[in-house]
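Breakdown of the fold
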Amino acid sequence: MSQHTQALTEFLAGLRYEQIPDVVLARTEDLFLDWLGSALASAGSHPIPLFERYAARMGPAKGPARVFVNRTGSSAYFAALVNGASSHLVEQDDLHNSSVLHPATVVFPAALAAAQDLGKTGRELLLASVAGYEAGIRIGEFLGRSHYRVFHTTATVGTLAAAVAVGKLLDFDQQQFTHLLGSAGTQAAGLWEFLRDAADSKQLHTAKAAADGLLAAYLTAEGLTGAQNILEGEQGMAAGMSSDADPSKLSDRLGSRWALAETSFKYHASCRHTHPAADALLLLMQREGLRADDISSVTTRVHQGAIDVLGRVTVPQSVHQAKFSMGTVLGLIAVHGKAGLPEFHTLALTDEAVAAFRDKVEMVLDPEVDGAYPARWLGRVTVQTTDGRTLSAAIDDPKGDPGNTLSRAELEDKFRRLVQFSDARSADEAGALIERVWRLRELRQLDTLA
């Protein structure tokens with residue numbers, strides 16, 4: 001085992017609740033509420049009922065861990081599976097920029113399911129979640145940009161992040177965390193090819209990451225051993241999944257840099273790669289008083305990662321695929337002023353004005369934007385108007401980034417809108433859930449988080 005992997009596992013084993021700054025704990029509560037809203041927003045939407053039926057068929061009839069979309073109880077494994085799928089469907093869950101990882105959708109389903117199964121407290125859940133975020137983000141950064149070009153980082157690295165969170169609930173020591181990473185890492189999988197076909201694999205990715213991470217932790221607790229150098233070994237993850245891995249990222253400022261606090265919230269209901277351009281276009285149109293009909297073309301200057309992911313989608317065939325279409329997202333912004341869940345579900349595939357605007361949009365690689373990525377996601381757009389003007393706008397901190405974050409009032413509003421979208425909970429129930437999350441540090445039991 002290398003010094004960097006050893007430093008990471010030693011940090012995870014030694015991490016205590018009292019070491020975590022209050023601002024990080026508060027941010028974890030913010031992220032938890034944001035995740036919960038995303039999980040509830042997908043109730044009834046394809047393909048989540050498929051995961052529910054699978055869990056009902058293969059899992060127990062009842063159990064201590066809660067499945068949010070249907071209010072049932074199940075085993076920790078199947079609750080993690082369904083909640084992991086449901087929280088990654090509406091494209092409203094969080095993102096950490098430099099790791100290109102969506103931590104919430106893998107860490108919280110596994111951690112909460114295990115915490116409910118093991119009878120843990122809110123403080124223990126927060127500690128475990130912080131551990132999962134800190135490990136997952138650093139492992140994502142370690143694997144680098146080359147990994148993300150082919151592999152869905154939230155699926156691959158997410159398996160390890162989920163495992164670490166559950167391992168912390170089980171109070172693993174350094175050696176157990178080493179085995180845990182080995183067992184989680186050998187299961188890590190998830191490829192981007194599904195985007196070309198508008199397939200449902202993205203939800204399978206997060207479902208399996210959360211559930212398989214939990215599986216690795218529970219088996220490690222029973223004595224299952226794993227590879228001792230799964231991250232950096234000659235036949236480990238970096239060897240097979242990266243060409244630019246940087247081992248120093250694994251131990252980067254452990255205990256002083258709280259990477260969880262760098263995580264961004266999603267404002268628009270689309271792939272995060274579209275957000276910088278969407279914000280820049282919205283700014284430009286408001287500044288210049290433009291309407292969609294005033295624009296003849298839009299050039300978005302983007303990083304290579306955006307081209308790798310969004311370039312696969314030309315004419316979207318499903319609502320979910322539309323969220324990975326730069327032209328569709330900018331079309332919704334230009335025509336309707338927003339790209340939220342209602343707009344995607346009622347307009348993205350049917351509005352002729354949105355389709356017409358989509359065809360006006362192109363992406364080009366920009367050296368400045370690409371050089372800043374993934375640490376910063378810059379928005380740069382240039383617009384040609386129908387009266388012959390060339391106009392540009394720039395955004396350095398998209399809405400939701402740490403430098404332009406959502407307040408608790410905005411997070412509460414987002415949560416209520418997400419729950420209202422699916423009608424998964426009443427307004428009163430939504431308010432009660434918000435109140436419980438803000439008191440997470442005080443909760444002695446977690447069965448009321450349902």
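Residues numbered from 1 in each chain as written. Predicted model: local features only at pLDDT ≥ 70, side-chain atom pairs only at ≥ 80, totals over all residues. Heavy atoms only, no water.

1. A look at the overall build of the chain
If you tally the helices and strands in the chain, you get 19 helices and six strands. A compact globule built from 450 residues should have a C-alpha radius of gyration of about 22 Å, and the chain, at 21 Å, falls within 12% of that. Projected onto the principal axes, the alpha-carbon positions of the chain cover approximately 70 × 50 × 40 Å. When each of the 450 residues of the chain is scored for burial, the buried share is 60%. In the chain, of all internal contacts separated by at least 6 residues, the share reaching a separation of at least 24 is 77%. Put simply, the chain shows about 16300 Å² of open surface, and 49% of that area lies on carbon and sulfur atoms. Mean positive and mean negative side-chain charge positions of the chain (42 and 53 charges, respectively) differ by 3 Å. (Helix = DSSP H or I, 4+ residues; strand = E, 2+ residues; numbered from the N terminus. Rg over C-alpha atoms; globule rule 2.2 N^0.38 Å. Buried < 20%, exposed > 50% of the residue type's maximum accessible area, 1.4 Å probe, protein only. Contact = heavy atoms within 4.5 Å. Areas by Shrake-Rupley, 256 points an atom, 1.4 Å probe, with all protein chains shown as cover. Lys, Arg positive; Asp, Glu negative; His and termini not counted. Charge placed at Lys NZ, Arg CZ, Asp CG, Glu CD.)

2. Some details on the pairing of strand S3 (residues 295-302)
As judged from the six bridges shared by S3 and strand S5 (residues 379-385), these two strands associate in the antiparallel manner. Among the inter-strand pairings, Ile295 is bridged to a residue of S5, identified as Thr385. In this structure, S3 lies alongside strand S4 (residues 361-365), joined through five bridges in parallel fashion. Pairing of Thr300 across the sheet is with Met363, part of S4. (Pairing = 2+ DSSP bridges.)

3. Observations regarding the domain arrangement of the chain
Domain annotation for the chain reports domain 1 (3-266 + 411-449) and domain 2 (272-395). On a C-alpha basis, the centres of domain 1 and domain 2 stand 30 Å from each other. Contact with domain 1, which involves 24 residues of that partner, is made by 22 residues of domain 2. Both faces combined, the contact of domain 1 with domain 2 buries some 2100 Å², and carbon together with sulfur accounts for 64% of it. Of all residues in domain 1, the largest losses of buried area upon contact with domain 2 belong to Arg145, Leu195 and Phe421, amounting jointly to 29% of the total for that side. Inspection of the domain 1/domain 2 interface yields one salt bridge. On the surface where domain 1 and domain 2 come into contact, there are ten residue pairs in polar contact (both at pLDDT 80 or more). Of all the elements in the fold, those that place two or more residues in the side of domain 1 that touches domain 2 are helix H6 (122-150), helix H9 (201-222) and helix H18 (408-422). For the side of domain 1 that touches domain 2, the element with the most residues is H6, which contributes three residues. (Domains from an automatic or database assignment. Buried area = accessible area lost by both parts, 1.4 Å probe. Salt bridge = Lys/Arg side-chain N within 4 Å of Asp/Glu carboxyl O. Polar contact = N/O pair within 3.5 Å; in protein donor to acceptor, adjacent residues only side chain to side chain.)

4. Some points on the packing of aromatic side chains
The full count for this structure, using the stated rule, is twelve aromatic pairs. Where Tyr148 meets Trp192, the ring centres are 5.3 Å apart and the plane angle is 75°; that geometry is what we call edge-to-face. A residue pair is termed long-range when its members are at least 10 positions apart, and Tyr148 in helix H6 and Trp192 in the loop between helix H8 (174-185) and H9 qualify at 44 residues. A single burial state applies to Tyr148 and to Trp192, both of which are buried. (Phe/Tyr/Trp six-rings, centres within 6.5 Å; stacked < 30°, edge-to-face > 60°.)

5. Quick word on the UniProt feature "domain: MmgE/PrpD N-terminal" (unreviewed entry) in the chain
According to UniProt, the feature "domain: MmgE/PrpD N-terminal" (unreviewed entry) maps to residues 6-248 in the numbering used here. Secondary structure within residues 6-248 divides into 62% helix and 2% strand; the distance between the first and last C-alpha atoms comes to 12 Å. (UniProt positions renumbered as here; feature names shortened; annotations may be inferred.)

6. Side note on helix H7 (residues 153-169)
Residues spaced three or four apart along an α-helix face the same direction, because each turn holds 3.6 residues. Between the first and last C-alpha of H7 there are 24 Å, a value that for 17 residues agrees with the 24 Å anticipated at 1.5 Å per step. With respect to burial, H7 is a largely interior element, 17 of its 17 residues being buried. Positive backbone phi, at 60°, marks Asp171, one or two positions downstream of H7. (Expected span 1.5 Å × (residues − 1).)

7. Observations regarding the UniProt feature "domain: MmgE/PrpD C-terminal" (unreviewed entry) in the chain
The UniProt entry lists residues 268-439 under the feature "domain: MmgE/PrpD C-terminal" (unreviewed entry), expressed in the numbering used here. Counting secondary structure, residues 268-439 comes out at 48% helix and 15% strand; the distance between its end C-alpha atoms is 27 Å.

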